[in-house]
Amino acid sequence: MTFNEALDYIHSLLKFGIHPGLSRMDTLLQILGNPHKNIKCVHVAGTNGKGSTSTAISNVLIEAGYNVGLYTSPYVTDFLERVQYNGKPIDEELFSQCVEIIKPEIEKMSEEGAQITEFEALTATAFLCFSKLNVDVLVLEVGLGGRLDATNVIPTPLVNVITSLSLDHTGVLGDTIEQIAFEKCGTLKENGTLVCSYNQPESALNVIKTICNERNNTLVIPEQSEVEVTEQSIFGMHFNYKNWAYETSMSGTHQVQNMTTVIEAVNVLKNKGYNITEQNIKDGIKKTVLPARVEVISKKPLVILDGGHNEDGAKAFYEAVKECFDKNIKLFVIAGMMNDKAVEESLKPLISKADKFVAVTPENPRAMKAEVLSEIAKKYCHNIICCDNANSSLDLIKSEITENDMLFVVGSLYLAGEVRNKLIKIFD
């Protein structure tokens, strides 16, 4: 099986949609010899910040000399961004071999009426890959929710992490912050340790504390009073935490929140015997850069790409870039969103600052049509254009923008994946 054939097969299972539940995964993994049960994991749940937090923990462990697996979602430009070994996408041949092993077992289960979804198949493939690689630690990011997510088949992890919580995927996870917190806490096993980001909604934190008590989990929350931001710009943040100085190459105070969560999660690993120095932590955090997370593509003109696709993510982006707003600098905004997001609430602050707003339709069945987005945008900006093709919108802006202007490309990570390579080609 070639890599493209393996990828086509995984994608073909998208037709079965999203069906939360662990019984299918348990059955499939049992057939495969339970590869996940011999892997030591860091399990990361949350609404926003999971990718940054997971990647930074992985980088710290790599700096400390460990062989590290990283499983995240979604990807931006390369599918195997989702399945990494020591900071790089795993070998295509290994991935293909594991899909080839899994495919006939999935087909047998299908004949018996158990339909494995795309995410379940990918998660099982990842477990098999990481088992064959004999990773020291797997940093495992939850796909959706937690309690019924396919990743939640693992035994008690080395440490659980819950990043910033807010309302998202309410049709699946519930429409209150308490329900969201309950679903994320579904990843907690008996006698574990949870590191939870600071500044959570109080009602969510109450749920977290209750479940930690019920499952005899030690709860660790970074001390916000110990955080001091000493320097910030769109190019990164300098901050002190508990008398140590750190630097992150990602912008926004939300990244400081994420990185203090990383620091405390790594401290749990240190207490479990992992040999990690303070310099490893500093270097791992500084090296953490994710595509489409307040990503500066160009400085002249200033071009920033961001996939903060829900209301809290959009607020974090706005906070990170607000220093850029100036009445003498022209701002172009290209945006594309999914239908199931709080679109108006997310984009309103940015649209109102735009001198020209371009609404596009991302390549996804759940995408909001550009025409619908443009109607929302008309409430806040008078210069609106619609483009069904995201890449053609870049050609349009390229013909108008000068080196003194700004371009923000925002919204869905699906949009970011479509345009990132072309953005780099045009502006880098």
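Values in this document were obtained by computation on a predicted structure and should not be read as measured data.

Caption draft 1: Representation of the environment of asparagine 364. With respect to the helices and strands, asparagine 364 occurs in the loop between strand S15 (356-360) and helix H13 (370-377). Judged by relative accessible area, asparagine 364 falls into the buried class, the value being 19%. A C-alpha to C-alpha distance of 22 Å links asparagine 364 and aspartate 312, two positions 52 residues apart in sequence. In this structure, asparagine 364 is in contact with Met338 and Tyr414, ignoring residues within four places of it in sequence.

Caption draft 2: A look at the packing of aromatic side chains. Throughout the structure, instances matching the rule amount to 9 aromatic pairs. With a centroid separation of 5.4 Å and 25 degrees between ring planes, the pair formed by phenylalanine 239 and tyrosine 246 is classed as stacked. Residue phenylalanine 239 shares its accessibility class with tyrosine 246, and that shared class is buried. Aromatic rings pair up to connect Phe3, Tyr75, Phe79 and Phe95 into one cluster. Lying across the ring of phenylalanine 235, lysine 299 places its NZ or CZ 4.8 Å from the centre. A cation over an aromatic ring shows up here: lysine 353 above the ring of phenylalanine 325, its NZ or CZ 5.4 Å from the ring centre.

Caption draft 3: Broad picture of the sheet that holds strand S16 (residues 384-387). With mixed pairing, the 6 strands of this open sheet are ordered in space as S12-S13-S17-S14-S15-S16. What marks the edges here is a single partner per strand, and that holds for strand S12 (295-299) and S16. Between one strand and the next, the sheet's axes are offset by a mean angle of 15 degrees, whatever the strand orientation. Across 4 bridges, strand S14 (residues 331-336) lies against S15 in parallel orientation. Looking at the pairing, valine 333 lines up with phenylalanine 357 of S15. Against the sheet, helix H14 (residues 390-398) engages S14, S15, S16 and strand S17 (406-411), with an angle of about 160 degrees to S15. Together, S12, strand S13 (302-306), S14, S15 and S17 form the strand contacts of helix H15 (residues 413-427), whose direction differs from that of S17 by roughly 155 degrees.

Caption draft 4: Quick peek at the pattern of salt bridges. One pass over the full model with this rule turns up 13 salt bridges. Among the salt bridges present, the one from lysine 108 reaches glutamate 105, with a minimum N-O distance of 3.8 Å. Of this pair, lysine 108 and glutamate 105 are both found in helix H4 (residues 92-111), 3 residues apart, which corresponds to roughly one turn of the helix. Glutamate 344 is the partner of lysine 379 in a salt bridge, and the nearest nitrogen-oxygen pair spans 3.3 Å. Of this pair, lysine 379 sits in the loop between H13 and S16 while glutamate 344 is found in helix H12 (residues 343-351), placing the two residues 35 residues apart along the sequence.

Caption draft 5: Representation of the nonpolar core. If you look at the biggest cluster of nonpolar residues, it comprises 39 residues, and the most contacted ones within it are Tyr71, Val83, Phe95, Ile106, Phe127, Phe130 and Leu138. Those elements that provide at least two residues to this core are helix H1 (3-12), helix H2 (23-31), H4, helix H5 (118-133) and strand S5 (137-141). Residues within four places of isoleucine 106 in sequence aside, it is in contact with Tyr9, Leu13, Leu28, Ile116 and Ala121. Core analysis: the next-biggest nonpolar cluster, separate from the first, contains 36 residues, Val195, Tyr241, Val262 and Ile281 among them.

Caption draft 6: Structural view of the pairing of S17. For S17, a buried count of 6 out of 6 residues is recorded, marking the element as mostly surrounded by other parts of the structure. By the alternation rule, side chains of S17 split into Met406, Phe408 and Val410 and Leu407, Val409 and Gly411, which are all buried. In terms of strand pairing, S13 meets S17 through 5 bridges, oriented parallel. Bridge pairing links isoleucine 304 to phenylalanine 408 in S17.

Caption draft 7: Examining the environment of glutamate 5 more closely. Mapped onto the secondary structure, glutamate 5 falls in helix H1. Residues glutamate 5 and serine 225, spaced 220 residues apart in sequence, show a C-alpha to C-alpha distance of 52 Å.

Caption draft 8: Spatial organisation of the sheet that holds strand S9 (residues 227-233). Ordered in space as S9-S10-S11, the 3 strands form an open sheet in which the pairing is antiparallel. Two strands in the sheet have a free side with no partner beyond their single neighbour: S9 and strand S11 (244-248). Geometrically, the sheet is characterised by an average inter-axis angle of 15 degrees between neighbouring strands, direction not taken into account. Examined bridge by bridge, S9 and strand S10 (residues 236-241) share 6 bridges and lie antiparallel to one another.

Conventions and cut-offs
- Residues numbered from 1 in each chain as written.
- Predicted model: local features only at pLDDT ≥ 70, side-chain atom pairs only at ≥ 80, totals over all residues.
- Heavy atoms only, no water.
- Helix = DSSP H or I, 4+ residues; strand = E, 2+ residues; numbered from the N terminus.
- Buried < 20%, exposed > 50% of the residue type's maximum accessible area, 1.4 Å probe, protein only.
- Contact = heavy atoms within 4.5 Å.
- Phe/Tyr/Trp six-rings, centres within 6.5 Å; stacked < 30°, edge-to-face > 60°.
- Lys NZ or Arg CZ within 6 Å of the ring centre and 35° of its normal.
- Pairing = 2+ DSSP bridges.
- Axes fitted to C-alpha atoms, helices over the stretch in contact; angles between N-to-C directions.
- Salt bridge = Lys/Arg side-chain N within 4 Å of Asp/Glu carboxyl O.
- Core = buried A, V, L, I, M, F, W, Y, C linked by side-chain atoms within 4.5 Å.

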